[in-house]
Amino acid sequence: MEWEVVIGLEIHVQLACKSKIFSGASTAFGAEPNTQACAVDLGLPGVLPVFNGEAAKMSIKFGLACGCEIAQRSIFARKNYFYPDLPKGYQTSQYEIPIVGKGQIEIQVDENTTKVVGITRAHMEEDAGKSLHEDFAGMTGIDLNRAGTPLLEIVSEPDMRSAKEAVAYMRKIHSLVRYLGISDGNMQEGSFRCDANVSVRPMGQKEFGTRAEIKNLNSFKFIEKAINVEVERQIDLIEAGGEVVQETRLYDSDKDETRSMRTKEEANDYRYFPCPDLLPVVISDEVVTEIQGSMPELPDEKKARFMEQFDLGSYDASLLSSSVESAGYFEKAVDASGGEGKLCANWIMGELQASLNREDMELEQSPVTPDLLGGLVKKIKDKSVTSKIAKKVFEAMWNDEGTADEIVEKYGWKPADASEIEPIIDEIIANNQAQVEQYRSGKEKVFGFFVGQVMKATKGQADPAQVNQLLKSKLAP
Amino acid sequence: MHKKTLAQLSAALQAKEISSVELTQEFLARAKQFNEQTNAYITITEDLALQQAKEADARIAAGNTQALTGIPLAHKDIFCTDGIKTSCGSKMLDSFIAPYNATVIEKFNAAGAICLGKANMDEFAMGSSNENSFYGVVKNPWDLNCVPGGSSGGSAAVVAARMAAAATGTDTGGSIRQPASFCGISGIKPTYGRVSRYGMIAYASSLDQGGPMAQSAEDLAMMLEVMAGFDPKDSTSAQKDVPQYSAAMNDSLEGVKIGLPKEYFGEGLDAEVATVVETAIEEYKKLGVEFAEVSLPNTHLSVPAYYVVAPAECSSNLSRFDGARFGHRCEDPKDLEDMYKRSRGEGFGEEVTRRILVGTYALSAGYYDAYYLKAQKTRRLISDDFKKAFADVDLILGPTAPTTAFGIGSKTDDPISMYLSDIYTIAVNLAGIPAMSIPAGMAGGKPVGLQLIGNYFDEAKLLNAAHKYQQVTDWHQQMPEGF
Amino acid sequence: MSLQADDVKNIAHLARIAIDENDIPEYAKNLSKILDFVDQLNQADTDGVEPMAHPLDMAQRLRVDEVTEVDQREKFQSISPKVEAGLFLVPKVIE
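Nothing here was measured: the structure is a model prediction, and the numbers come from that model. (Residues numbered from 1 in each chain as written. Chains lettered and ligands numbered in written order. Predicted model: local features only at pLDDT ≥ 70, side-chain atom pairs only at ≥ 80, totals over all residues. Heavy atoms only, no water.)

(A) Representation of the nonpolar core. Residues Phe124, Tyr284, Phe386 and Leu463 of chain B are the most contacted members of the largest nonpolar core, which totals 190 residues. Each residue touching phenylalanine 124 of chain B, except ones within four places of it in the same chain, is listed here: Cys88, Ser90, Met92, Leu93, Ile201, Tyr203, Leu318, Phe321, Phe348 and Val352 of chain B. Formed by 69 residues, the second largest nonpolar core is a distinct cluster that contains Ala55, Ala196, Ile214 and Val231 of chain A. (Core = buried A, V, L, I, M, F, W, Y, C linked by side-chain atoms within 4.5 Å. Buried < 20%, exposed > 50% of the residue type's maximum accessible area, 1.4 Å probe, protein only. Contact = heavy atoms within 4.5 Å.)

This is the structure in structure tokens:
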């Protein structure tokens, strides 16, 4: 039996607003418990919500970036259920009329494959607080600092057919929201959370199989594993004669398995109705146009531009444009190098990435700044260092030894020029008459011996092309 | 002193005929004296009142006064008062000391008014008789065997017995007007959005509105000028200037057209109440008013629509009362579910529980369209009825309630019968338009209220019509015996 | 609409309100009465009528994104049933 996997993702993005979606309390991460939970966030009797307009602007930015329909009139609805991290006993969200409608986004699945994934909708809602289950003698501690943080819930169409595609989609959305400046996408801090809806069906079948929801996947690595392990579970279950139950599951990374989560009841009746404390959110044409005008260059646009301007391949351009940081680094380095896109790209994805990986560093922490790298690339281009020397210069820059120019000066790694090479060649020719005779009599291979000797004598500081040219002319009969 | 109007008290304070401390002490004495009989107050805030009175006197001495500076008021115990118990008439909030002031309270504080105490009320504003209070029934000063009306029964009784100079109430289905009618006082429910709901514990968010209750339209105008106004903390607050209500009070009513809804004068209306209203109509004719018959054909659907919309909204608004962060928590909860269920089961009274259950049902899967959506559509029909009527008339007039104050315990067995006492008031809340009740006579020794209904933001017209009537009648000056 | 005891129990569970077993019949009776009463709404011809969620035809005001609230934890927690280390304590959730 050939199985097809069907995946849809719901991504909750914390919007980078300074204050909460319905109150003026701060959204800053890491504060002492309940010091950023004001009366409105606590759901005290008598308090009322007032909507943070920035959340609407950020949501619309996302919608425009994915070519989505923008609902210029959207409604807040109450999702009613009881849980200690939900102080009002309902979550203010959007139900029938969300601010962002249908759209799509292109993802890079691997080096040679892209795919278009549909976006069903994106809506605004308030985040819940946090529950701490340890340390309280059989009780749970509730911190409501996070309650009321603005969220954008992005729902994809069930268009993904593999864990790999799911990860690619998640990465794309992650990069996009950071590009747009609407979220810091910090998964450790909970700014970017993903739930995966996974089902399987026999290949060719039209109807979807029953899906299970895997909640709170907070890393690209885990989401791939979780989906794969869940797919396996479902297939095994069906093949053994069982049925997949529609339920919520959690991924256990230690055991590498998903297990059923029974706290939030399976059949929750949320009793959605329009929130009577809030009015319809109406966004004028002018505001939408203004937001459109303020959009930064998007990853896909950047990728296309990189490919055209610098003659980069799709995969390389995709990698470099995938985050604001890498794109920024690349563009700065190219600038500092005098426009050498391809060379910079190679060095960034090669030597630099290798060094970052080795030291487990992020790009922002690199001791080799884009200016430094660009400076080095410039010297490679104008041949003032050979590629062999360049590697040594890079290492020295990594160790904070200064600019490329300074390092070359310090170590005397200037490439030899013709006036320095020629006497060396002359000396080598003089001392190796036998080989000269062999070469002149037709043994082409002996050329390599001379190259080797020259390189040794110049300690690798001679430009190979130049050496070749000089040797050839001097060895000519 | 206690018989004086707000304007008279204000003048007396400013002329230094009496100090605010003295005035406050006088009202405090009355409050304490009559509270045992009436049970109108849940909390009398003596210390706070005297402290505020001292401050008021200082302001008066410095010549820095406003109309209500130094005047003692009672506030329905639904308004959050910082540092003071705010119970909403419920066991659920018996231990709740509000940690902030409602906007309305802030406004009164800024005006220099005195908070004499928190008035009794039907639990969570749900009721038409003040028999649903955790703190016991309030007795109508006109007949202690009768209810004062609800849910602002305590506020109405306070004003009727002059246990404060005026009071605040809230009105979701008639809870200012009906008790005003039963207790022979004046009360106004402003246009929805006119008065801030921030800090006013929510019952039905799209219907609730706070308003003043006092001896006369003149007093209401002074109170409303302080209470009304845009509040950035309330998204449903109207960004409209507050007119000087006192300014247009004396305008002639010559040529004013008042509509009489034929649906308000039919079956169910007590004959004696009808007679009082008819007499009032004659008075208005003398003042130059032209009457016309209007029809509000969907009136009979207003109570059913209300009893879907209000419970639905309240079922959600009251979910925050879960014993977790404030209010009543049951003893020794064995787990979370137990804490929720027992805290809420113990904290809420029967009527509140009933309405939460109805509301939960109306919103639940499969029933939303048939109940909630249907009710909201009906609501629009009811609102359109008023729109049509106001195309032809300036105001609408009728009885406030179908009867006078009924006996304590006489309707508690039948919720529907209780609900129907709001038949003339409820449609107004569904539409969101302003309306008021003023005393217009007596029937069987108990007060009868006259209801005036206006178009959106026409409070000035309402107060004008009420005031002109009060200039040629003296029902509003009557006081119950023994007080 | 006639509600049975089980219906009442289900609704009470959704609303998280404990109702004494002995009181269930009375609630069932009263709730049924109320639902019968509101069934009158079926008389209304509401085809093509827009539901009315708010009396005023207003749009939501948009608040400026700025921090205006200060830490009032102590005050807010002074009225809480159970607090420890700045956290609100509730009985453990059964997972």
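Picking up where we left off.
(B) Layout of empty space enclosed by the protein. Applying the stated criterion across every chain, the model contains six cavities of 30 Å³ or more. Every residue lining the largest cavity is listed: Phe22, Val40, Val47, Leu48, Pro49, Lys88, Tyr90, Thr92, Glu126, Cys275 and Asp277 of chain A together with Arg320 of chain B. Here the lining of the largest cavity is composed, by residue class, of seven nonpolar, one polar and four charged. (1 Å grid on protein atoms, 1.4 Å probe; cavity = no way out; pocket = protein on both sides within 12 Å on 5 of 7 lines; lining within 4 Å. Points joined across faces, edges and corners; volume = space filled by probe spheres on them. Nonpolar A, V, L, I, M, F, W, Y, C, P; charged D, E, K, R; others polar.)

(C) How the structure looks around the packing of aromatic side chains. Residues and elements named next belong to chain A. Enumeration over the complete set of coordinates arrives at 33 aromatic pairs over all chains. Plain terms: the ring middles of phenylalanine 222 and tyrosine 251 are 5.9 Å apart, the flat faces sit at 55° to each other, and that makes the pair tilted. With phenylalanine 222 in helix α4 (residues 220-239) and tyrosine 251 in strand β12 (residues 248-252), the pair connects residues that are 29 residues apart, well separated along the chain. Given the relative accessible area of 30%, phenylalanine 222 is considered partly exposed. Here the aromatic rings of phenylalanine 306 and phenylalanine 310 are separated by 6.1 Å at their centres, their planes lie at 55°, and the arrangement is tilted. One end of the pair is phenylalanine 306 and the other is phenylalanine 310, both in helix α6 (residues 299-310) and four residues apart, which spans about a single turn. (Phe/Tyr/Trp six-rings, centres within 6.5 Å; stacked < 30°, edge-to-face > 60°. Helix = DSSP H or I, 4+ residues; strand = E, 2+ residues; numbered from the N terminus.)

(D) Examining the interface of chain B and chain C more closely. Contact residues are listed per partner, giving 70 residues for chain B and 51 residues for chain C. Interface area, chain B with chain C, both sides summed: about 5300 Å², of which 70% is carbon and sulfur. Three residues, Lys341, Leu357 and Tyr361 of chain B, lead the burial of chain B against chain C; their summed loss comes to 12% of the area buried on that side. Linking chain B to chain C there are two salt bridges. With a closest N to O distance of 3.1 Å, arginine 16 of chain C and glutamate 337 of chain B form a salt bridge. Our enumeration of links across chain B and chain C arrives at 17 residue pairs in polar contact (both at pLDDT 80 or more). Contributing elements (two or more residues each) for the side of chain B that touches chain C: α9 (302-317), α10 (336-347), α11 (350-363), α12 (369-392), α13 (415-419) and α14 (426-431) of chain B. Looking at which element gives the most residues to the side of chain B that touches chain C, the answer is α12 of chain B, with eleven residues. When its residues are assigned to classes, the side of chain B that touches chain C shows 37 nonpolar, 18 polar and 15 charged. (Buried area = accessible area lost by both parts, 1.4 Å probe. Salt bridge = Lys/Arg side-chain N within 4 Å of Asp/Glu carboxyl O. Polar contact = N/O pair within 3.5 Å; in protein donor to acceptor, adjacent residues only side chain to side chain.)

(E) Spatial organisation of the pattern of salt bridges. Using the criterion set out here, one finds 48 salt bridges over all chains in the structure. Between lysine 302 of chain A and glutamate 331 of chain A there is a salt bridge whose closest N-O contact spans 3.3 Å. Here lysine 302 of chain A, found in helix α6, pairs with glutamate 331 of chain A, found in helix α8 (residues 324-336); they are 29 residues apart in sequence, far enough to count as distant. Overall, glutamate 331 of chain A belongs to the partly exposed group, its relative accessible area being 27%. Of the charged contacts, one joins glutamate 351 of chain B and arginine 354 of chain B as a salt bridge, the two residues approaching to 2.8 Å between their closest N and O atoms. One end of the pair, glutamate 351 of chain B, and the other, arginine 354 of chain B, are both in helix α11, three residues apart, so they sit about a helical turn from each other. Each member of the salt-bridge network shares a partner with another, and the members are Glu230, Arg233, Glu247 and Arg249 of chain A.

(F) Layout of the sheet that holds strand β2 (residues 87-91) of chain C. Taken together, four strands build an open sheet; the order of strands is β7(A)-β8(A)-β2(C)-β1(C) and the sheet is antiparallel. With partners counted over all chains shown, the strands left at the sheet margins are β7 (130-132) of chain A together with β1 (83-84) of chain C, one partner each. In terms of strand pairing, β1 of chain C meets β2 of chain C through two bridges, oriented antiparallel. Across the sheet, the residue bridging to valine 83 of chain C is phenylalanine 88 of chain C, located in β2 of chain C. (Pairing = 2+ DSSP bridges.)

(G) Summary view of the side chain of asparagine 317 of chain B. Residue position: asparagine 317 of chain B is located in helix α9. By relative accessible area, which is 2% here, asparagine 317 of chain B ends up buried.

(H) Focus on the pairing of strand β11 (residues 446-454) of chain B. All names here are of chain B. β11 sits mainly inside the fold: nine of its nine residues count as buried. For strand β9 (residues 395-399) and β11, the ladder comprises five bridges, and the chain directions are antiparallel. Paired with glycine 398 across the two strands is glutamine 451, which belongs to β11. The pairing of strand β10 (residues 435-443) with β11 spans eight bridges and is classified as antiparallel. By the bridge assignment, isoleucine 438 is partnered in β11 with leucine 450. What sits between the antiparallel neighbours β10 and β11 is a turn of two residues, in which glycine 444 has the positive phi angle 60°.

(I) Quick peek at unusual backbone geometry. Note the cis peptide between glycine 150 of chain B and serine 151 of chain B, where omega equals 10°. One can find serine 151 of chain B in the loop between β3 (114-119) and α5 (153-160). Look at aspartate 311 of chain A: it is not a glycine, yet its phi comes out positive at around 55°. With respect to the secondary-structure elements, aspartate 311 of chain A resides in the loop between α6 and α7 (314-321). For aspartate 311 of chain A, a relative accessible area of 51% corresponds to the exposed category. With a phi close to 55°, aspartate 360 of chain A is a non-glycine residue in the positive phi region. Relative to the assigned elements, aspartate 360 of chain A resides in the loop between α9 (341-358) and α10 (370-381). Overall, the relative accessible area of 70% leaves aspartate 360 of chain A in the exposed class.

(J) A look at the layout of surface pockets. Residue and element names in this part refer to chain A. Of the pockets and cavities examined, the second largest pocket occupies roughly 1400 Å³. Ranked by the residues each element gives to the lining of the second largest pocket, the list is headed by helix α3 (residues 163-179), at eight residues. Broken down by class, the residue content of the lining of the second largest pocket amounts to 16 nonpolar, eleven polar and 13 charged.

(K) Geometry of the interface of chain A and chain B. The partner chain B presents 38 residues to the 32 residues of chain A that form the contact. On the chain A side of the interface with chain B, the three residues burying the most area are Pro45, Leu48 and Phe82 of chain A, jointly 24% of the side's total. Here aspartate 277 of chain A makes a salt bridge to arginine 197 of chain B, at a shortest N to O gap of 2.9 Å. Taken together, the connections running from chain A to chain B amount to 17 residue pairs in polar contact (both at pLDDT 80 or more). Going through the elements one at a time, α1 (39-42), β3 (77-80) and β14 (273-274) of chain A are the ones with two or more residues in the side of chain A that touches chain B. The class makeup of the residues in the side of chain A that touches chain B is 23 nonpolar, four polar and five charged.

(L) Region of the structure containing the environment of serine 131 of chain A. Residues and elements named next belong to chain A. Checked against the element boundaries, serine 131 lands in strand β7. Residue classification places serine 131 among the partly exposed positions, given a relative accessible area of 23%. Residues serine 131 and leucine 144, 13 residues apart in the sequence, show an inter-C-alpha distance of 8.7 Å. Sequence-distant contacts of serine 131, that is, excluding residues within four places in its chain, are made with Tyr83, Asp85, Thr140, Gly141 and Ile142.

(M) Quick peek at helix α1 (residues 5-14) of chain C. Inspection of α1 of chain C places Val8, Ile11 and Ala12 of chain C among the buried residues, and these make up the whole buried set. The buried residues of α1 of chain C occupy an angular sector of 100° when the element is viewed end-on, so they sit on one face. Pointing more than 90 degrees away from the buried face of α1 of chain C are the exposed residues Asp6 and Asn10 of chain C. Residues of α1 of chain C that are buried sit in contact with α11 of chain B together with α2 (24-38) of chain C. Backbone geometry just downstream of α1 of chain C places arginine 16 of chain C in the positive-phi region, at approximately 50°. (Arc of directions from axis to C-beta.)

(N) Structural detail: the confidence of the model for chain B. The predicted model of chain B has a mean per-residue pLDDT of 96, with 100% of residues at 70 or higher. Under the prediction, the complex receives an ipTM of 0.96, its pTM being 0.91. (pLDDT = per-residue confidence, 0-100.)

(O) Spotlight on the sheet that holds β3 of chain B. All names here are of chain B. Here we have eleven strands laid out as an open sheet, ordered β1-β3-β2-β4-β6-β5-β10-β11-β9-β7-β8, and mixed in their pairing. What marks the edges here is a single partner per strand, and that holds for β1 (41-44) and β8 (290-294). The average angle at which neighbouring strand axes cross in this sheet is 30°, direction not considered. In this fold helix α3 (residues 46-61) packs onto β1 and β3, with an angle of close to 155° to the strand it touches most, β3. (Axes fitted to C-alpha atoms, helices over the stretch in contact; angles between N-to-C directions.)

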